[in-house]
Protein chains: 2
Amino acid sequence: MKKNVAERRTEILAATVAVIAERGFGHTRIADVAARLGTSTGLLHYHFESKDLLLAAAFEHAAQRDLIRLSQAIGADGDPLERLVAVLDLYLPAVEGSSWPIWIDAWGEALHNPALRSTSQRLDAAWKQGLADVIEQAGGHGSLHCADPAGAARRLGALVDGLGVDLTLNGGDDDEVMIQRQARARNWLLTAAEVELHLAPGRLTQVPGSARRDQMEQRPTVHPNDIGRGSNGDALHIGNASGEE
Amino acid sequence: MKKNVAERRTEILAATVAVIAERGFGHTRIADVAARLGTSTGLLHYHFESKDLLLAAAFEHAAQRDLIRLSQAIGADGDPLERLVAVLDLYLPAVEGSSWPIWIDAWGEALHNPALRSTSQRLDAAWKQGLADVIEQAGGHGSLHCADPAGAARRLGALVDGLGVDLTLNGGDDDEVMIQRQARARNWLLTAAEVELHLAPGRLTQVPGSARRDQMEQRPTVHPNDIGRGSNGDALHIGNASGEE
DNA sequence: ATCGATACTGATTATCCAGTCAGTATCGAT
DNA sequence: ATCGATACTGACTGGATAATCAGTATCGAT
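Quick caveat: nothing in here was measured; it's all calculated off a predicted structure. Once a new chain begins, its residue numbering starts again from 1 and follows that chain's sequence as written. Starting at A for chains and at 1 for ligands, labels are handed out in the order in which the entities are written. Local features are withheld for residues below a pLDDT of 70 in this predicted model, meaning they are given only at 70 or higher, and side-chain atom pairs are given and counted only at 80 or more; totals for whole chains, interfaces and linings count all residues.

Things to note about the environment of glycine 26 of chain A
At step 1: Starting at the N terminus, helices and strands are each numbered in turn, a helix being any DSSP run of H or I of at least four residues and a strand any DSSP run of E of at least two. Mapped onto the secondary structure, glycine 26 of chain A falls in the loop between helix 1 (5-23) and helix 2 (30-37).
At step 2: For glycine 26 of chain A, a count of 19 C-beta atoms within 10 Å gives the class partly exposed.
At step 3: Separated by 95 residues in sequence, glycine 26 of chain A and glutamine 121 of chain A have C-alpha atoms that sit 19 Å apart.
At step 4: Any two residues are considered in contact once their C-beta atoms, placed from the backbone, lie within 7 Å. Ignoring any residue separated from it by four or fewer positions in sequence, one finds glycine 26 of chain A in contact with Phe25 and Gly26 of chain B. Neighbour counting defines burial: a residue surrounded by 20 or more other C-beta atoms within 10 Å of its own C-beta is buried, one with 12 or fewer is exposed, and intermediate counts give partly exposed, using backbone-placed C-beta atoms.

So, in structure tokens, the structure goes:
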């Protein structure tokens, strides 16, 4: 079926992102994308000059998607600390369907591919900047005091990266376990943020983080009743806490 | 020149690791490795059944090297806190010549290659376990108090991973700047460790960490006592060598 | 010195896949 | 309805490269 260029282009990019996610940058073939779309390989070459450019564009596309979500979270109304938690939640890998596999794969690729590298760096900088922004907002609002939002963002961002890598790479296939690991990582992160930002213990871990699931996923998945508990025994709030108690 | 199998094998693995480091897993060719060694491509197929197995073995080889360094650092004498700092220093990327590019590349590959994944997971687990060990040692020695060494290791390990990724990926080519970034990251890490382990501020950051450079750089190598070891399928499967067909 | 076993070569083959291109289908405009 | 422009097809080609294999060199042992 004939479509206009813009529409087809984004359709191709989405398909390419999907293929990259399941095969990796290095093992993605033009034919795979074509097969997923049910089109000819020629079509892809019609819209994209080369495979490299297609991959780069797809990566850029995926990055753009995430950055839009980020700026939405930053621009949201409400309590600054809730916004901070929302951004951190966006950053962390969701239990499923997160962008993390692609980012990790892109890191490896970026080491040897300048085009991907610049996108990867921009993405990284944007996340850390976003974090810094939301920290600064909270500072201006008087919710916390942080002398060096940019530095704090770098440190917290690094922690999220490390936790994200761990969750993404060392995960099993047991959903139950993954949910617990995710919840524990989140708890660690929020606790670290409290320390970093001189907040009272529990100030972030007990912020209702319920907006999360809605932003990350498309459907209101299972409700994980009583998902996991931190070392202190607090019930953790991930998932669509249907009723924020 | 004709060599015995074990020697040639490790020589090949070292060369492969070097090629992977500069080209990445996805773009490493048999011919690249052969060229680096100044041999034929046939030789590589003589010693390794397939390219995939060669890459997996090379990765395993590199992991082994780092883990030997790790266990040396853990087993060293001296002040437990110095040992802790030494392990963290080993973990962080050096200004140049670190293993980080390969690990990052391997992460991406591990997402889609079970053989690499298990090695990657073992490596990660070993590092975190090593950290936990050295924390526990220090705890037993009374240098610090930590109720949950394993958890602390996971958290600090994640932070190192994040910092390592940042240093490795977002580095420029300016050595001066890199040294500063590295030093700052190290400082952040040690400070985080102090907080995590309930140490007085400055207790780690002011530990003499000068031993570092000597450990990371290419000194005349430790005796390769791991050479003939076949922890996995090291026995060569060389069909055409015997000519009995 | 001879001989078999082992290590290695390099030319060749087989395969895979990005990119091309001549031709076809579908659109919107007149 | 016609026509030109645009989107698309699918068979094909060229190049790259993993893997093969018949043959050669080198070793150690007798």
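Observations concerning the protein's contact with DNA strand C
At step 1: Near, for a residue, is defined by distance from a backbone-placed C-beta atom to a molecule or strand, with 6 Å as the limit that must not be exceeded. Of all residues adjacent to DNA strand C, which total 22 residues, the nearest are Ile30, Ser50 and Lys51 of chain A together with Gly42 and Leu43 of chain B.
At step 2: When residues of the surface near DNA strand C are traced back to their parent elements, those giving at least two are helix 2 and helix 3 (41-47) of chain A together with helix 1 (5-23), helix 3 (41-47) and helix 11 (239-242) of chain B.
At step 3: No other element matches the four residues that helix 3 of chain B contributes to the surface near DNA strand C.
At step 4: Looking at the surface near DNA strand C, its residues break down into six nonpolar, ten polar and six charged. Polar here means any residue outside two lists: the nonpolar Ala, Val, Leu, Ile, Met, Phe, Trp, Tyr, Cys and Pro, and the charged Asp, Glu, Lys and Arg; Gly therefore counts as polar.

Some thoughts on the relation of the copies chain A and chain B
At step 1: Turning chain A through 180° and shifting it by 0.0 Å along the axis lays it on chain B, with an RMSD of 0.1 Å. Taken together, the turn and the small shift mark the pair as related by a two-fold rotation axis.
At step 2: Take the interface residues of chain A: 100% of them recur as interface residues in chain B, which is what a same-surface contact looks like. Copies overlap after least-squares fitting; the atoms used are the C-alpha atoms of residues with pLDDT of at least 70 in both.

Here's the deal with the interface of chain A and chain B
At step 1: Taken together, the contact pairs 31 residues of chain A with 31 residues of chain B.
At step 2: Those elements that provide at least two residues to the side of chain A that touches chain B are helix 6 (100-110), helix 7 (114-140), helix 8 (149-169) and helix 9 (175-196) of chain A.
At step 3: When residues in the side of chain A that touches chain B are grouped by element, the largest group, eleven residues, is from helix 8 of chain A.

Some words on the nonpolar core
At step 1: In terms of nonpolar packing, the biggest core is built from 130 residues, with Val87, Leu88 and Leu189 of chain A together with Val87, Leu88 and Leu189 of chain B touching the most fellow members.
At step 2: Those residues in contact with valine 87 of chain A, other than ones at most four positions away along the chain, are Leu70, Ala73, Ile74, Gly130, Leu131 and Val134 of chain A. As used here, a nonpolar core is made of buried Ala, Val, Leu, Ile, Met, Phe, Trp, Tyr and Cys residues. They are joined through C-beta atoms within 7 Å.

A closer look at the protein's contact with DNA strand D
At step 1: Close contacts around DNA strand D come from 21 residues, with Thr39, Gly42 and Leu43 of chain A together with Ile30 and Lys51 of chain B the closest.
At step 2: For the surface near DNA strand D, the secondary structure elements donating two or more residues are helix 1 and helix 3 of chain A together with helix 2 (30-37) and helix 3 of chain B.
At step 3: Broken down by element, the residue count for the surface near DNA strand D peaks at four residues, all from helix 3 of chain A.
At step 4: Grouping the amino acids of the surface near DNA strand D by side-chain chemistry returns five nonpolar, ten polar and six charged.

With respect to the packing of helix 1 of chain A against helix 6 of chain A
Residues and elements named next belong to chain A.
At step 1: Lines fitted to C-alpha atoms define the axes here, with helix axes fitted over just the stretch in contact, and angles between the N-to-C directions of these axes take values from 0 to 180 degrees. For the pair helix 1 and helix 6, interaxial distance at closest approach is 9 Å and the crossing angle is 75°. The orientation of helix 1 relative to helix 6 falls into the category roughly perpendicular. When helix 1 is examined against helix 6, the residues Val17, Ile20 and Ala21 are found in contact with a partner set consisting of Pro101, Ile102 and Asp105.
At step 2: Considering only residue class, the contact of helix 1 with helix 6 consists of five nonpolar, no polar and one charged. Here roughly perpendicular refers to angles of 65 to 115 degrees, roughly parallel to angles under 35, roughly antiparallel to angles over 145, and oblique to all remaining angles.

A few points about the packing of helix 6 of chain A against helix 8 of chain A
Residues and elements named next belong to chain A.
At step 1: Interaxial distance between helix 6 and helix 8 falls to 10 Å at its minimum, and their mutual angle equals 110°. Accordingly, the angle class assigned to the pair helix 6 and helix 8 is roughly perpendicular. Within the contact between the two elements, helix 6 uses Trp100, Pro101 and Ile104 and helix 8 uses Gly164, Val165 and Thr168.
At step 2: Looking at the contact of helix 6 with helix 8 residue by residue, the class counts come to four nonpolar, two polar and no charged.

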